[in-house]
Every structure is written in C-alpha cells, then in structure tokens.
2 protein chains.
Amino acid sequence: MLPERGRSLLTSPASKEYHQTIVNAHHRPLHGNLGSIGSIFNPASVAIAGAAEGRIGQAFLACLVDSCFHGPVYPINPRGGEINGIKTYRNLADAPGPVDYVISCIPSDSTRLLIDDCADKGVKTIAFFTAGFSEMNGHDGRRLEDDLVFRARARGIRVLGPNCLGVYNPGIGLSFSSDFPGQSGQVGLLCQSGGNAIYFIRAAAQRGIRFSKAVSYGNAADVDESELLDYFAADSDTKMVAAYIEGVKDGRRFFEACHKLAALKPLIILKGGSTGAGVRAASSHTGALAGSEEAWDTLYRQTNAIRVDYLEEMVDILVTFNYLPRLEGRNVIVCGAGGGFSVITADDYARYGFDLVGLPQHIRHTMSEHIARFVKSEAGFMMANPVDITNVITFDSHYGTLQILAGFNDVDLLVGQFSVNNSVWPASGSKYTVWIDTFTEALAKVHAETGKPSALIIHSMLTPFDLEKANTLAERASQAGLAVFHSSARAALALKRVQAYHEKTGPCSA
Amino acid sequence: MLPERGRSLLTSPASKEYHQTIVNAHHRPLHGNLGSIGSIFNPASVAIAGAAEGRIGQAFLACLVDSCFHGPVYPINPRGGEINGIKTYRNLADAPGPVDYVISCIPSDSTRLLIDDCADKGVKTIAFFTAGFSEMNGHDGRRLEDDLVFRARARGIRVLGPNCLGVYNPGIGLSFSSDFPGQSGQVGLLCQSGGNAIYFIRAAAQRGIRFSKAVSYGNAADVDESELLDYFAADSDTKMVAAYIEGVKDGRRFFEACHKLAALKPLIILKGGSTGAGVRAASSHTGALAGSEEAWDTLYRQTNAIRVDYLEEMVDILVTFNYLPRLEGRNVIVCGAGGGFSVITADDYARYGFDLVGLPQHIRHTMSEHIARFVKSEAGFMMANPVDITNVITFDSHYGTLQILAGFNDVDLLVGQFSVNNSVWPASGSKYTVWIDTFTEALAKVHAETGKPSALIIHSMLTPFDLEKANTLAERASQAGLAVFHSSARAALALKRVQAYHEKTGPCSA
C-alpha cells in the first residue's frame, strides 16, 4: 500500500526469482506499438478501481483532483456512495462516459475480473498499483502475472506494472503525487521504483526541472524499459531522458533502444542493483544485460548514455543540461561566502578537471576599487579566485563584484556558493541572512545581463529554517536561469560528465 | 566581520602569499609549551575587546552568556555604558578581576596597544577575531602579524589566530556559537576555518557527537596545528581528533605530531586545498607538507591518520567511531522502507566491500510468520536481504522483525534505512509518517536489548517538514546508541575507512 510496491523482488539483486524472470522474459512476445504506448500517457478519462475510504485508491483520487486532471475521473467502489465528495460507481460499466486509463488498487486475486470489465468498457491501459505478482517469493505470483498480461493483451489492453504508480503527465493533470509541478517540461522519466520516482520528481522540481512525462513501471510485465525508451525517443516534447532501472527484460533490445535514444537526446541511467552477489549470480545464469557489470560497461562505452550511481546525481545532470550550455573551456571562477567553503569548492572543481583561473591584475584592481566603496578595509575578504565577499552585504556590492568577474573573458563558468547554515551565524535572524538573498539576486541579474554560464551552489542546510531558505532561493535562482546545486562536488562531477557527453557527441571541431 | 575570516588568504591555495608564508614560517621559533596551551582552553575569565552594539563583539558576548560561561565576562568598550544589559569597561585595566582570555574584535591597527594592556593585566591568551594580517595581499599584513606575535611572545601571551573564532570548551561554557551543545564529549577539533568549524560542530552535534574542546585557529601565527595536535594527544578528555587544515607551518614537526597522536587515538584529517595549480605551485617552491600531495599521501600511509575529503565525511567517521565497535566480519543486513532505496543501500554496502548476507530459510520463515500477524499478504514486502517492511506500521511489527534479524548470528551489522520524504506520500500527515517513528523506536530497542551493532540511515530530506522530522529522529536514535547517517553511501564509506583503521592499528590476530 506504499510507493515502494513500485519496486519489487522481481528486480531485487538478491532474489533467486530475478534471473528466472529474465529467462522467462526472453520467451515472451515483445510489444513495440508506439500508438498504444502513446495512449498510455494521454488518457482522456480515468477510473480508480478500489477507491475506498482510507485506502490507497482515495489517495490516487486526491492526486488527480489536486492536479486538475483534464478529463472525468470515476472512482469505482462496489459499495457505492461518495468519496472525497465525488460520486463513486459500483462497477466500471456504470461510469457514464468512456474510460481510457484505470488505476487498479484492488487485491491481486480480483484482477482477472477487472480485466474483463475493462475490456468491455474499452479501456486502453490499466496501471496496477496492485502488487503480489512476480515479485513474491514462493507464491503463485509469477503465474498470476503471466496470466494477467496474457488476458490483457488478448483484449487489447496495455498493462503498466503491476506493482507501480503509473503515469505522471503534467500536460493533462495526470499525477501520482499532489505536489508534483503542474507545468510541463522537457524531461522524460522512466523509473522502476515508485518510491524513487516520487523522491526524484520532487527533488528535481525543487531545482527547476519539469517533466514531459514520467512513469513508474514496476514489474514491467507488459510495458517495459525498452518500449518506454522508444517512446521517449520519438516524443518531441521530451528533450532528455532519465531512467532508474533495476532489471532489463531483453538485453539486445534494450541496448538498441538506448543506442537509438542516446543518439538523439541525453539519456541518463541509474542502474539499481549494480553490485553484489545477487546481481552477479543472476548474470552468470543468464548473461542478461540486467546483471552483468560488463554488459553495462559496454552499454555506456558504446552508446552516449550517461551513467550515474545516485538519484541526486541524476538530478544534477539534468540541471546541468537544462541550465548550462556546452562550455567553451574549463576556466571557472568561484565567488561567494566563507573562506573554508571556498577552498573546498575550489578543490572540487580542480578535482574534476576544471581550472580555477588566476585573476589578472586589472580585474583584481577593479574589484578592490569596487569593494572600497562599501568597506574601509579588505580584511576578511579573499580577492583571488575563489573570491570571498562575505563581509559586504548590499546588493550593489555583490552585483558589482559579480559583474566584474563575469566581464573577465577567460572565464567559462561563474560559480556562486554559500552555506545557508552559516548565514545564521552568530544568531538566527541576523543581518547575514540578508547576504544570501542579495547574492542570489545579484548573480541572477548578472547572468541575465551578460549571459555568462552561471551556477549557484546552495549548501550546508542543517535546520528546517536553513532548508526553507535554501528551497526558496533555489526556486528563485532556477527561475532566473541559474543551474542550482547543493554540493560543489556534485556540481563539478555533473559538469564533468556533461562536458564529456558534449565532447563525445558534438560535431568534430579543431 | 563574519566567521569566514577564520580562514584566510594565507592558506588559500591560489594565493602567492601562501608559499611565501610557508617559507617565512620555517624561520620562526616554535612553541611546544603544553602548559601554556592548556591554559588557552581553560580560562577562568574572559574579556571582549570591542564589545560594541551591533558589532561582532556583541555576538561573542551573547555566545558566552547563552553558553553560561563559568567565570566573569568583561565587555570592553572605550565609550562605557552597557551592552546586552551587562556593564562594559572603558579599558581592560578597569576590569574588576583578573582576565585570562581576551577576544579581540578591534581593528588590526589597534592591536599593538591591546597587547600592552593585556600584558599589564596578566592575560594568558588573546584570540584575535581581528583580521587584516598575513592573509592580506599587497598590504602590510605580514609585517603586522609578525610584529603582533613578537610582542605577544615577549610579554608571555599566547595568540590564537589572528583571523579566527577561538575556543569552544563546553566544560566551562566557553563558546563561539550559542547553539553548540552544552555537554562535553570525547572529540577534539582543530579547524583553521571559522565558518567550517561552526558548520562542522553543528552538523556533528545533530548526530550525537560532543566535543572535549574545539578551536578555530585561523592564520596560526603563534599557536599552530602541530602544537594543537600535541595538546589533544596529551589531553585525557579527548578520545579522537578531527582536523581541518589548510596549511602546515613545519612539515616535519607536523608529521611527528600526527604520528604521535594517531598512534594513541583516531585522527581524521581534512586538508583544505588539496588540489589545483595554487597548491602545486606552493609545494614546488617549498616542498612543504602543506602543498605536496605526495607528502600528504606519505603521511596517510606512514601514520594511522585517516584522510577525508569533506566535512560531512569527517562527521560520518566520528559517528562510526563513537557508536560502532570494530565489526567482527563484513556481513550486513539492511532493513527498512522503500524497495528502490533498499536496492541503492545494498549497492552502497556492496560497493564498499560488505556482504549483503543471504537470509537462511529459518529466518525467512520466522519473519513471514511474524509479518502474518499484521497483514494478510506479503504483497509489497521484500523478505530477503534487504528487507522491506514499508507495509506494516505498528511498533510490534517493526520490533519483531528487527529482533529476528538481530538474532541471526552471522550478521555483524544491522542497518535500518528510510526516506523521510517518502514517509509523507501520498500526503503530509498521513499514517506513514508514523512508520519512521515506530521503526526508529524499534531499532533502538532491539539494539539496547541485543547489543547488535546497529546503524540508522535517515535520508532524502527535501522539505523543512522532512528535516525537522529527521533531526528529531537523529537525536533520539543517537541518544539510544545508534550510529546515524544521512546517506547510505557515506555510511558505508565511513565504515570501510574505520574498519581499515582497526585492521591497521589493531592487535595482530589470526
């Protein structure tokens, strides 16, 4: 009854069922009907089977209402009555209009009948939140799942999951969490884990990422990762794709789908279950791409797909693609607050192959002249690269300094950084909380005026007060076109990976 | 006027002054008087020079009042009057009692007179928050700093900084931030950056770390890193030491101090400025340990000092030393919420050399029987390792499961994990917020009853609501003796490093 049913034992590296599943999958027919998968993402109407008070069906209903789904929503409950003030229907047939997409929140042993009802109603897709299928150990789940897919296919119905949360398409108000952004964007997401999908979409949204469509696809009994990749490759709304994948149904087909997509747009993959005895055992039994580390290495080497190890890294790379152009060179200037943090930020960019370029005399001189307008002494400043201007607080002082730095032509990237936590030293509510506001505003303005590629690292959030502040600033900064990160190491790593991608895919150049 | 004056250009890897400083340092006499440095940490009375309304001196005063400093505090202000309701004195001589420790918040060009006043008053230590010394480029800062130290030494006064925040000794209520813990602990901290010191102490405190003494020592013009290491080596209250160091005054002496200390107790070092053209240039000029990556590598190889790259990693290692024994083997069980997160956690432990041990049939059977008391179906559970029990919420269900897992003798470490953010799916205030409470409580109880080494990974905080919850749980869990982390990767990395330390330092064994 929780998001993590979206991930399953099916794809758990430690389960024996894992490789058996892979073997079975090879014997099943594959679908490649882009028409039918397109309809999965764009239903005109939705029904929720099992929309009972206090159960998960009610939560799905609330999500659709909160997200202003563009068509009718029909809660189905055999007992009738109302839920959340909305009339329920005793069965699908009673719904007064056609139904394209059904969210199944009923127990697994009732799903046979549901499929028949859906077929009679002309339903195109069932997203099974329902779990208890192939991910179960020592039960009849595998048989039940095969049967489910067989029946659905026979009646022309596509199956998402089972054991998933289904589709998020902000363009039509279809969502599985009330707090997902209502605006569409350019990122496509396929995510085998429901819990990870929720966390990922929320985390990315906080840093300005918006989605064309996202899908939590669970056990992938019918619609699988390869078909989803093909869909996103063809979808013109989707400019880049993020994928969290725990198992692969067909290695060769998956490789081809990745290859095709990654030739067209950035594809970032996080393989869940990429180490450990479980995965190695699975791979030694099947040789499937799912389990073999070598096969994955080959994939990354032979395609343009970008590997990440963490959800946060996936967000970082999307932010980099969204907000930064291909840099012309590797020269970075860091400016912000906190000498110690400046040093660590400098180390991070250097560690990932960037140059903390020295500031020429005329830049330092102009900067000193500017600073002298605001303070008597440069004590406590760092006037080299990294630049530390903690000791001036006004917008004009920040804006002027950043203008001077952005005007230095040898700089490819201007990086602002500050600790949110230390802004409250020595006491919460002190004037230093103003610093981070004015600095963010100044960097945004300089970026808007100069077009200099700019990133902002907002870090060290220890208290709810800090995080509230950081989230507000991140939203403001990303709206102003700044690439926002929460760690200098992750910012530098993402930039390195994206630059490598550009070098791999870009036109031949001198 | 901000904490980051605690770090300085002196030690910035990109500054030309850096290596010049190192060269100069070799020609200066060194102090090794443990008596005098002991008095630095334990003053009976404090005066604040420059305790003016709205300036930093007022903040230092507030810190001492809030921290209930054990002796008298004398704010000094030539204008007299009161500050924060406390009588000020026009000069140090007017203070009605002896003064051991002076916090200097006056401009650098007034510090000569201050030293004379301090000498007349019998002051033992001056902590110079005052900046504008050797860290300044193209000014007389170097000369001013040399003069400062020369005069102070001539009058028998020890100097902290300049450009620092000074001492935190919770045992006597001496502090430079009002929110630092009032209780003493077993960690000694030396930190060249004031801003990093504040962030580090706060971050560590949230996870149950307490300090014997900490010091922000800035430019290290008199009291330097080696002397501080010697002090902590001899201090019986200090059981382990964390150090953030940007520059080293005397490489040989530093090596010896590290070697001696690390033979006695764990020493964790973060070298700020460990990459980049600046540091390499400095090292090629002086061959000092400060700049040479090779020298640092040698240090880590030839001593027991533990290297980290981030402040957060330093906290992780302290938490590991504080809350976990040396593990007998590498077998780990992961139990918690969220299948996707379970998979990533499993990957992380595997990545760092731990074994996600398979659960024997009898354990799985007992666990299934236990779970069957609470739910009709195991749908949505993972009953392998990692174990996912998202779908049961009561204390008894969590407690029983964890008891069974802790009773599995082949397990060396029991790891609990959950995403705080997903606990609020589908809506904030739902019953799933209860899950993380009951799980934390159950893990604490099982740990208390069985003594099984246990860690709790509380991760994925995206909102202030999440972080409030996470901080509360982290406090509760660490009070119950659990090692608390905020990332499975960092938890596993810290454990790997600490296990390596134990293997390096432990008694010869079979």
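Because the structure is a prediction, the values reported are computed rather than measured.

**Looking at the overall build of chain A**
For step 1, the next point in the chain: Secondary structure assignment for chain A yields 17 helices and 20 strands.
For step 2, the next point in the chain: In chain A, buried positions account for 67% of the 510 residues.
For step 3, the next point in the chain: Restricting to contacts in chain A with at least 6 residues of sequence separation, those with at least 24 account for 76%.
For step 4, the next point in the chain: A total of about 17200 Å² of accessible surface is found on chain A, and carbon and sulfur atoms cover 51% of it.

**Some points on the sheet that holds strand β1 (residues 46-49) of chain B**
For sheets, the rule is that strands pair by backbone hydrogen bonds, running either parallel or antiparallel.
Residue and element names in this part refer to chain B.
For step 1, the next point in the chain: One open sheet holds the five strands; their spatial order is β2-β1-β5-β6-β7, and the pairing between them is parallel. The two strands at the open ends of the sheet, each matched to only one other strand, are β2 (73-76) and β7 (158-160). Across the sheet, the mean angle separating the axes of adjacent strands is 20° when strand polarity is ignored.
For step 2, the next point in the chain: Against the sheet, helix α3 (residues 56-66) touches β1, β2 and β5 (101-104), its axis set at about 160° to β1.

**Remarks on the packing of helix α15 (residues 432-450) of chain B against helix α16 (residues 464-479) of chain B**
Residues and elements named next belong to chain B.
For step 1, the next point in the chain: Here α15 crosses α16 at 15°, and the two axes come no closer than 10 Å. Between α15 and α16, the interaxial angle falls into the category roughly parallel. Seen along the crossing, α15 lies across α16 with a hand that is right-handed. The segment α15 lies against α16, with Thr433, Ile436, Asp437 and Thr440 engaging Phe465, Lys469, Leu473, Arg476 and Ala477.
For step 2, the next point in the chain: Looking at the contact of α15 with α16 residue by residue, the classes come out as four nonpolar, two polar and three charged.

**Details of the nonpolar core**
For step 1, the next point in the chain: The biggest cluster of nonpolar side chains holds 105 residues, and the ones touching the most others in it are Leu160, Ile269 and Tyr349 of chain A.
For step 2, the next point in the chain: In terms of residue count, helix α11 (residues 311-323) of chain A provides more of this core than any other element does, eight residues in total.
For step 3, the next point in the chain: Once residues lying within four places of it in the same chain are set aside, the contact partners of Leu160 of chain A are Ile40, Tyr101, Thr125, Ile126, Ala127, Phe128, Gly166, Val167, Val215, Tyr217 and Val223 of chain A.
For step 4, the next point in the chain: Core analysis: the next-biggest nonpolar cluster, separate from the first, contains 104 residues, Ile48, Ala197, Ile198 and Val241 of chain B among them.

**Points about the sheet that holds strand β7 (residues 158-160) of chain A**
Residues and elements named next belong to chain A.
For step 1, the next point in the chain: Strand order in the open sheet formed by five strands is β2-β1-β5-β6-β7, with parallel pairing between adjacent strands. Looking along the sheet, the strands with just one partner apiece sit at the ends: β2 (73-76) and β7. Averaged over all adjacent pairs, the angle separating strand axes in this sheet is 20°, with direction ignored.
For step 2, the next point in the chain: Direction of pairing for strand β5 (residues 101-104) relative to strand β6 (residues 125-128): parallel, over a ladder of four bridges.

**Side note on the confidence of the model for chain A**
Residues and elements named next belong to chain A.
For step 1, the next point in the chain: Confidence along chain A averages 87 in pLDDT terms, with 86% of residues attaining 70 or more.
For step 2, the next point in the chain: Contacts for the low-pLDDT stretch residues 1-32, under 50 throughout, to residues beyond four places or in other chains number 119 contacts.
For step 3, the next point in the chain: Interface confidence for the predicted complex, expressed as ipTM, amounts to 0.90; the pTM equals 0.91.

**Focus on the pattern of salt bridges**
Residues and elements named next belong to chain A.
For step 1, the next point in the chain: Summed over all chains, the structure comprises 50 salt bridges over all chains.
For step 2, the next point in the chain: A salt bridge links Asp316 to Arg490, with the nearest nitrogen and oxygen atoms 2.8 Å apart. Of this pair, Asp316 sits in helix α11 while Arg490 sits in helix α17 (residues 488-505), placing them 174 residues apart in sequence.
For step 3, the next point in the chain: When salt bridges with common partners are traced through the structure, they connect Arg153, Arg158, Asp222 and Glu227 into a single cluster.

**Quick word on the pairing of strand β9 (residues 184-191) of chain B**
Residues and elements named next belong to chain B.
For step 1, the next point in the chain: Two strands pair when backbone bridges link them, and β9 and strand β10 (residues 211-216) are joined in this way by six bridges, in the parallel orientation. Residue pairing for β10: Ser184 is matched across the bridge by Phe211.
For step 2, the next point in the chain: As for the winding sense of the linkage, the β-α-β connection from β9 through helix α6 (residues 194-205) to β10 is right-handed.
For step 3, the next point in the chain: In this sheet, strand β11 (residues 240-245) lies alongside β9 in parallel orientation, the contact comprising five bridges. The partner of Gly188 across the bridge, within β11, is Val241.

**Quick look at the domain arrangement of chain A**
All names here are of chain A.
For step 1, the next point in the chain: Split by domain assignment, chain A resolves into domain 1 (3-320) and domain 2 (325-505).
For step 2, the next point in the chain: Buried surface at the junction of domain 1 and domain 2, summed over both partners, amounts to about 1500 Å²; 56% is from carbon and sulfur atoms.
For step 3, the next point in the chain: Ranking the residues of domain 1 by area buried against domain 2 places Gln206, Arg207 and Thr320 at the top, with a combined share of 37%.
For step 4, the next point in the chain: The interface formed by domain 1 and domain 2 includes two salt bridges.
For step 5, the next point in the chain: The salt bridge partner of Arg497 is Glu313, with a shortest N-O separation of 2.9 Å.

**What to know about helix α8 (residues 251-264) of chain A**
Residues and elements named next belong to chain A.
For step 1, the next point in the chain: The end-to-end C-alpha separation of α8 is 20 Å, in line with the 20 Å expected for 14 residues at 1.5 Å each.
For step 2, the next point in the chain: Among the residues making up α8, those that are buried are Gly251, Arg253, Phe254, Ala257, Cys258, Leu261 and Ala262. Each buried residue of α8 sits inside an arc of 160° when the element is viewed along its axis, so together they form one side. Those residues of α8 that are exposed and angled more than 90 degrees off the buried face are Arg252, Ala263 and Leu264.
For step 3, the next point in the chain: The backbone nitrogen of Arg252 has a side-chain oxygen 3.1 Å away, supplied by the residue at the start of α8, namely Asp250.

**Remarks on the packing of helix α7 (residues 225-234) of chain B against helix α8 (residues 251-264) of chain B**
All names here are of chain B.
For step 1, the next point in the chain: In the contact formed by α7 and α8, the axes pass within 9 Å of each other and the chain directions differ by 20°. Relative to α8, the element α7 lies roughly parallel. In this structure, the crossing between α7 and α8 has a hand that is left-handed. Facing α7, whose interface residues are Glu225, Ser226, Glu227, Leu229, Asp230, Phe232 and Ala233, α8 presents Arg253, Phe254, Ala257, Cys258, Lys260, Leu261 and Leu264.
For step 2, the next point in the chain: In terms of residue class, the contact of α7 with α8 is built from eight nonpolar, one polar and five charged.

**Focus on helix α16 (residues 464-479) of chain A**
For step 1, the next point in the chain: Taking 1.5 Å as the rise per residue, α16 of chain A with 16 residues should run 22 Å; its terminal C-alpha atoms sit 22 Å apart, in good agreement.
For step 2, the next point in the chain: Contact partners of the buried residues in α16 of chain A: α11, β18 (413-419), α15 (432-450), β19 (454-459) and β20 (483-485) of chain A together with α16 of chain B.
For step 3, the next point in the chain: Immediately downstream of α16 of chain A, the backbone of Gly481 of chain A shows phi near 90°, a positive value.

**Topic: unusual backbone geometry**
For step 1, the next point in the chain: Cis peptide bonds are those with omega within 30 degrees of zero, and the linkage from Gly161 of chain A to Pro162 of chain A qualifies with 0°.
For step 2, the next point in the chain: Among the structural elements, Pro162 of chain A can be located in the loop between β7 and β8 (166-168).
For step 3, the next point in the chain: A positive phi angle, near 75°, is found at Asn163 of chain A, a position not held by glycine.
For step 4, the next point in the chain: A positive phi angle, close to 55°, is found at Asn84 of chain B, a residue other than glycine.
For step 5, the next point in the chain: With respect to the secondary-structure elements, Asn84 of chain B resides in the loop between β3 (82-83) and β4 (86-87).
For step 6, the next point in the chain: By relative accessible area, which is 42% here, Asn84 of chain B ends up partly exposed.

**Some remarks on the packing of aromatic side chains**
Residues and elements named next belong to chain B.
For step 1, the next point in the chain: Per the counting criterion, the structure on display carries 36 aromatic pairs over all chains.
For step 2, the next point in the chain: Note on Tyr74 and Tyr89: the rings are 5.7 Å apart at their centroids and 80° apart in plane angle, and the pair reads as edge-to-face. Of the two residues, Tyr74 is situated in strand β2 and Tyr89 in the loop between β4 and β5; the sequence distance between them amounts to 15 residues. You'll find Tyr74 and Tyr89 in the same group, each marked buried.

What counts as what
- Residues numbered from 1 in each chain as written.
- Chains lettered and ligands numbered in written order.
- Predicted model: local features only at pLDDT ≥ 70, side-chain atom pairs only at ≥ 80, totals over all residues.
- Heavy atoms only, no water.
- Helix = DSSP H or I, 4+ residues; strand = E, 2+ residues; numbered from the N terminus.
- Buried < 20%, exposed > 50% of the residue type's maximum accessible area, 1.4 Å probe, protein only.
- Contact = heavy atoms within 4.5 Å.
- Areas by Shrake-Rupley, 256 points an atom, 1.4 Å probe, with all protein chains shown as cover.
- Pairing = 2+ DSSP bridges.
- Axes fitted to C-alpha atoms, helices over the stretch in contact; angles between N-to-C directions.
- Parallel < 35°, antiparallel > 145°, perpendicular 65-115°, else oblique.
- Left-handed = near helix turned anticlockwise from the far one by under 90°.
- Nonpolar A, V, L, I, M, F, W, Y, C, P; charged D, E, K, R; others polar.
- Core = buried A, V, L, I, M, F, W, Y, C linked by side-chain atoms within 4.5 Å.
- pLDDT = per-residue confidence, 0-100.
- Salt bridge = Lys/Arg side-chain N within 4 Å of Asp/Glu carboxyl O.
- Right-handed = clockwise from strand over helix to strand, strands pointing away.
- Domains from an automatic or database assignment.
- Buried area = accessible area lost by both parts, 1.4 Å probe.
- Expected span 1.5 Å × (residues − 1).
- Arc of directions from axis to C-beta.
- Polar contact = N/O pair within 3.5 Å; in protein donor to acceptor, adjacent residues only side chain to side chain.
- Phe/Tyr/Trp six-rings, centres within 6.5 Å; stacked < 30°, edge-to-face > 60°.

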